[in-house]
Amino acid sequence: MAERQAHSGNLMLPLMAGLAGAGIALLFAPRSGREMRNHMKGRAEELQQQARETALNAKTQVASTVEQAKGMKDRVKTAIKEDPAIDTTDTSSTFYKEEE
């Protein structure tokens, strides 16, 4: 029984601390509810725009990297075909398999 009471006390402590913190935050809040909502809405829109820009930049960089890799692959294939010291009859490697 005493163990159960100690356990419930442990659960109530964080809850009470959270409520106290929320109350203190409301007392010291620099904005009214409407102002706070408008501020949060504006900030959310800013973050959304930043996310769009970041996604677009990432997409552009990935596309550029893919094009560079394709160019490298073509140069390596050409170099291998032109080098008589390289045995191109062993086509077990996936490198030699043509794209479908």
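For the structure, see preceding data.
Residues numbered from 1 in each chain as written. Predicted model: local features only at pLDDT ≥ 70, side-chain atom pairs only at ≥ 80, totals over all residues. Heavy atoms only, no water.

**Q** Explain the pattern of salt bridges to me, using residue names and the numbers behind them.
**A** Tallied over the entire structure, the rule returns two salt bridges. Between Glu46 and Arg43 there is a salt bridge, with the nearest N and O atoms lying 3.1 Å from each other. Of this pair, Glu46 and Arg43 both sit in helix α2 (residues 33–82), three residues apart, which is roughly one turn of the helix. In this structure Glu46 comes out as partly exposed when scored by relative accessible area, which is 45%. Assessed through its relative accessible area of 38%, Arg43 is described here as partly exposed. Residue Lys70 pairs with Glu67 through a salt bridge whose shortest N-O separation is 3.9 Å. (Salt bridge = Lys/Arg side-chain N within 4 Å of Asp/Glu carboxyl O. Helix = DSSP H or I, 4+ residues; strand = E, 2+ residues; numbered from the N terminus. Buried < 20%, exposed > 50% of the residue type's maximum accessible area, 1.4 Å probe, protein only.)

**Q** Please provide a residue-by-residue account of a nonpolar patch on the surface, values included.
**A** A contiguous nonpolar surface patch, about 400 Å² in accessible area, is contributed by Met12, Leu15, Met16 and Leu19. Within the secondary structure, Met16 sits in helix α1 (residues 2–27). (Patch = residues over 30% accessible without salt bridge, like charges linked within 9 Å, V, L, I, M, F, W, Y side chains within 5 Å. Areas by Shrake-Rupley, 256 points an atom, 1.4 Å probe, with all protein chains shown as cover.)

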